[in-house]
Amino acid sequence: MPSFADTATLRWMGDISPYAVLLVDGDGAIRQANAKAGTLFGYGAEEMVGLSIETLVPEGDRQRHGELRETYLAAPRERPMGAGRELQALHRSGEVIPVEIALVPVDVAGTRMVMVSAIDLSVRKALEAQLHHQANHDPLTGLVNRYHFEELLAREIERGQRYGGGFALIMLDIDHFKAVNDTYGHLEGDKVLRRFAEELTGKIRAADTLARWGGEEFMLLLPGTDIAGARALAEAIRVAVNGCRMPVPGQVTVSLGVTGYRNGESVWGLLKRVDEALYAAKLAGRDQVVVL
């Protein structure tokens, strides 16, 4: 454990550090704070001196944080809090901010204290969330993409196998969509896809998942829905699309295949059957709902 005769050297270390740095005594009182700590938490550095470290912790975490701090001071080398731990911190404004902290026990004139360094993770977290969204969503419609839909479908099957209960699947295809692109151009075709996605989104529950499967095909996952319920929804969607005002002249129609999960079947077995149901709807003349 580093030992110091007074806090002057620690103050100098905090001033040159690229991180927010706090010196905290055994009672949880902040004894020193550098300018970066003031910026991070919304205080002047001198204002922070004397505050409890719990002031910088969301209210629901304060008791647990105090217990961890006491344990850490008693046996700092045995605690996993020492480096790279992500926590929630509290800005003066009341905003909760994600931070990564590292703790170093220090001895100052015979008194054990903890030097805390912290870095704001807000920008990194926002970027991670943005990248995650981009990886799992279709850029044109904003819907879940095929890759992520398959993951969600696999989870729903696992849930059904483990806990019982069923769900239904609807596969949708805009009829004669190639003619829309050929006649009006791909930019207008993209507008039709976006409008179609908006219309469908307004017809489903928050628990349902709508995905762009590819091209003009879409997929709808309906947890806790039986075949009768899925058939009724598919018919309601078909009628709504018939009456929907689209960005191009003329009527746009949709074909729909419907199926329900059967206990023990795989993702691919379920997808194959719903695809066959959609194909049957196309063969039947389009603008149809077929259930298999």
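Residues numbered from 1 in each chain as written. Predicted model: local features only at pLDDT ≥ 70, side-chain atom pairs only at ≥ 80, totals over all residues. Heavy atoms only, no water.

J.: Provide a residue-level description of the sheet that holds strand β11 (residues 289-291), including the pertinent values.
T.: Spatial ordering of the open sheet is given by β8-β9-β7-β10-β11, a layout of 5 strands whose pairing is mixed. Of all strands in the sheet, those bounded by a partner on one side alone are β8 (209-214) and β11. In this sheet, neighbouring strand axes are inclined to one another by 20° on average, regardless of whether the strands run parallel or antiparallel. By the bridge criterion, 7 bridges tie strand β7 (residues 167-174) to strand β9 (residues 217-223) in an arrangement that is antiparallel. Looking at β9, one finds that L169 is bridged to L221. Sitting on the sheet, helix α10 (residues 267-283) touches β7, β8, β9, β10 (254-260) and β11, and the angle it makes with β10 is about 145°. (Pairing = 2+ DSSP bridges. Helix = DSSP H or I, 4+ residues; strand = E, 2+ residues; numbered from the N terminus. Axes fitted to C-alpha atoms, helices over the stretch in contact; angles between N-to-C directions. Contact = heavy atoms within 4.5 Å.)

J.: Tell me about the packing of helix α6 (residues 146-163) against α10, and please be specific about residues and values.
T.: Running from amino to carboxyl end, α6 crosses α10 at an angle of 110°, the nearest separation of the two axes being 10 Å. Taken together, the axes of α6 and α10 lie roughly perpendicular to each other. The interaxial crossing formed by α6 with α10 has right-handed handedness. Across the interface between the two elements, E150, L153, A154 and I157 from α6 touch V267, W268, L270 and L271 from α10. Considering only residue class, the contact of α6 with α10 consists of 7 nonpolar, no polar and 1 charged. (Parallel < 35°, antiparallel > 145°, perpendicular 65-115°, else oblique. Left-handed = near helix turned anticlockwise from the far one by under 90°. Nonpolar A, V, L, I, M, F, W, Y, C, P; charged D, E, K, R; others polar.)

J.: So what's going on with the side chain of N136? Residues and values would help.
T.: You can see N136 is positioned in helix α5 (residues 122-136). Other than its neighbours up to four places away in sequence, N136 contacts L143, V144, N145, Y147, H148 and E151.

J.: How would you summarise the pattern of salt bridges if you had to cite specific residues and measurements?
T.: Applying the stated criterion across every chain, the model contains 21 salt bridges. With a closest N to O distance of 3.2 Å, R162 and E158 form a salt bridge. Taken together, the residues span about one helical turn, with R162 and E158 both in helix α6 at a distance of 4 residues. Residue E158 is classed as partly exposed on the basis of its relative accessible area, which comes to 42%. In this structure, R195 engages E198 in a salt bridge whose closest nitrogen and oxygen atoms are separated by 3.8 Å. One end of the pair is R195 and the other is E198, both in helix α8 (residues 186-201) and 3 residues apart, which spans about a single turn. Residue classification places R195 among the partly exposed residues on the basis of a relative accessible area of 25%. Bridged by salt links that share partners, the residues E86, R124, K125 and E128 form one connected network. (Salt bridge = Lys/Arg side-chain N within 4 Å of Asp/Glu carboxyl O. Buried < 20%, exposed > 50% of the residue type's maximum accessible area, 1.4 Å probe, protein only.)

J.: Please set out the packing of helix α7 (residues 177-184) against α8 residue by residue, giving values where relevant.
T.: Relative to each other, α7 and α8 sit at 140°, their axes nearing to 7 Å. If you check the angle between α7 and α8, you find them oblique. Residue-level inspection shows F177, V180, N181 and Y184 of α7 in contact with α8, the latter providing H186, E188, G189, V192 and L193. Of the residues contributing to the contact of α7 with α8, the split by class is 5 nonpolar, 3 polar and 1 charged.

What is shown is where atoms sit, not what they do.
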